Structures are given as C-alpha cells and as structure tokens.
Amino acid sequence: MKTVVLFGTGYLAGAFGSLSFPLSFGVSIFWTGIAVQNVGPIWVGGWGVLVGTPLYISLAYFPSNALQALLPALAFRLWKADPRLNSGMDYLVLIASITLGNMLGALYSVLVVLRGYGLIGNESAPMFIWGWFGGNEIAGLILDILLLKMISACVIRSPLFVRKRWS
C-alpha cells in the first residue's frame, strides 16, 4: 500500500512539474516531483526509492532519479537525522543530500543520457545541467522542508513510517 500511495502522489506531482515548467526532454525548471522523490524514501525507506522514478520519464533517467531518491534516505538513516527537522543537523543532512543527489543526477542525465543519445549538443549541455539541477534543487528545498516539517510527526506515528531500510 505504501508503494501505491507514493507512486500515485509522485506521478501526479511529477506530471504537474513537467507540464507546468518544462525545459525539454523531461527536464523541468521547477520539478515538483522531486519532493516526493526526496521525502518519500526518508519516510518509507527502500519502498520510496522504488517509486522515486515516475513511469512517464524515460527509463534512461532511472539511475539519476533513483540516486536522487536514495541519497536523502541513506543520509537520514546514516546520520540518524529526524524527518521532523528538529535540529540544524537535520537541515544540514537534508540540504547536503538533496544537493549532492541533484548535482549527480543532473550531470548523469544530461551528459550520459541527453548528450549520449544525441538529443542535445555540447553547447546546450550547460543549460540542461543547470535546468535539471536548479529545477530540482529549488523545488526540493521549498517542498521537502514544508512536507517534512508539516507532515513528518504524523507519518512517524503511523504504520507508514519505515525506521530502517525496508521494514
């Protein structure tokens, strides 16, 4: 059930961002789906990583999206950060993990996928890298913090919350 709820939410949020703020080739300048991609795995562990990659995005983007979903979940578990963001360390873990994930995701998606398949040239690669990174980073910082601060207390008390990786 966790997977179904997250998948549906992620699909809708991702579709909204891709339709509302498109750059091209699945890259959006404000991709709202990143919030579900980052926060879902923090709350539900590996199940959230599995649904952190919306179906309508090319399977070629899977490594980028999976990494962007996995890094915050791993960072929160490794540094025992609280999803309710009660301390400065919790914020640092969130911001560092989503920033690193967005940087690596942007580089892989643009340099390996888009440029590798000849969809864009070298001259447009920087615009797509910044578009991917910025579109995910800005949306992620705003929406992740709002979701975590406003909903985490309820999620932690529910059976939905996964304390370890899968259970």
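Structure: see above.
Residues numbered from 1 in each chain as written. Predicted model: local features only at pLDDT ≥ 70, side-chain atom pairs only at ≥ 80, totals over all residues. Heavy atoms only, no water.

Asker: Teacher, can you tell me more about the overall build of the protein chain here?
Answerer: Helix and strand counts for the protein chain stand at six helices and two strands. Seen in sequence order, the protein chain has helices and strands lined up from the N terminus as α-β-β-α-α-α-α-α. In the protein chain, the proportion of contacts linking residues at least 24 apart, taken out of those at least 6 apart, comes to 73%. If you sum the accessible surface of the protein chain, you get close to 8,300 Å²; carbon and sulfur atoms cover 74% of it. (Helix = DSSP H or I, 4+ residues; strand = E, 2+ residues; numbered from the N terminus. Contact = heavy atoms within 4.5 Å. Areas by Shrake-Rupley, 256 points an atom, 1.4 Å probe, with all protein chains shown as cover.)

Asker: Mind showing me how you'd approach the packing of helix H2 (residues 33-44) against helix H6 (residues 125-157) here?
Answerer: Packed helix pairs are specified by the crossing angle of their axes together with the interaxial distance, meaning the distance between the axes. One can describe the packing of H2 onto H6 by two numbers: an axis separation of 8 Å at closest approach and a directional angle of 35 degrees. Crossing geometry of H2 relative to H6 is assigned as right-handed. Judged by residue contacts, Ile34, Ala35, Asn38, Val39, Ile42 and Trp43 of H2 engage Asn136, Ala139, Gly140, Leu143, Asp144, Leu147, Leu148, Ile151, Ser152 and Val155 from H6. (Axes fitted to C-alpha atoms, helices over the stretch in contact; angles between N-to-C directions. Left-handed = near helix turned anticlockwise from the far one by under 90°.)

Asker: What am I meant to see in the pattern of salt bridges here?
Answerer: If charged atoms from side chains of opposite charge come close, those side chains can pair. Here the structure, examined in full by the defined rule, presents one salt bridge. Measuring nitrogen to oxygen at the nearest pair gives 2.8 Å for the salt bridge that ties Arg84 to Asp82. (Salt bridge = Lys/Arg side-chain N within 4 Å of Asp/Glu carboxyl O.)

Asker: Please explain the environment of Val162 as it appears in this structure.
Answerer: If you trace the backbone, Val162 turns up in the segment after H6. In this structure the C-alpha to C-alpha distance between Val162 and Val44, which are 118 residues apart in sequence, comes to 4.6 Å.

Asker: What is the right way to look at H2 in this model?
Answerer: Residues spaced three or four apart along an α-helix face the same direction, because each turn holds 3.6 residues. Here H2 is 12 residues long and its end C-alpha atoms lie 16 Å apart, about the 16 Å a rise of 1.5 Å per residue gives. The buried fraction of H2 is high, at 12 of 12 residues. At the C-terminal side of H2, Gly45 shows a positive phi close to 65 degrees. (Expected span 1.5 Å × (residues − 1). Buried < 20%, exposed > 50% of the residue type's maximum accessible area, 1.4 Å probe, protein only.)

Asker: Sorry, what's going on with the nonpolar core here?
Answerer: Nonpolar side chains in soluble globular proteins tend to end up buried together. Within the largest apolar cluster, 16 residues are counted, with the highest numbers of intra-cluster contacts made by Ile42, Trp43, Phe76, Leu94 and Leu148. If you list the elements that add at least two residues to this core, you get H2, helix H4 (62-78), helix H5 (88-114) and H6. Ranked by residue count, the leading element in this core is H2, at four residues. Ignoring any residue separated from it by four or fewer positions in sequence, one finds Leu148 in contact with Val39, Ile42, Trp43, Phe76, Pro83, Arg84, Leu85 and Leu94. Judged by nonpolar contacts, the second largest core, of 12 residues, contains Val27, Val110, Ile129 and Phe133. (Core = buried A, V, L, I, M, F, W, Y, C linked by side-chain atoms within 4.5 Å.)

Asker: How do you make sense of the environment of Phe133 when you look at a structure like this?
Answerer: Residue placement: Phe133 occurs in helix H6. On the accessibility criterion, Phe133 (16% relative accessible area) is buried. Note: C-alpha distance between Phe133 and Leu100 (33 residues apart in sequence) is 9.7 Å. When residues no more than four places from it in sequence are discounted, the contact partners of Phe133 are Thr99, Asn102, Met103 and Ala106.

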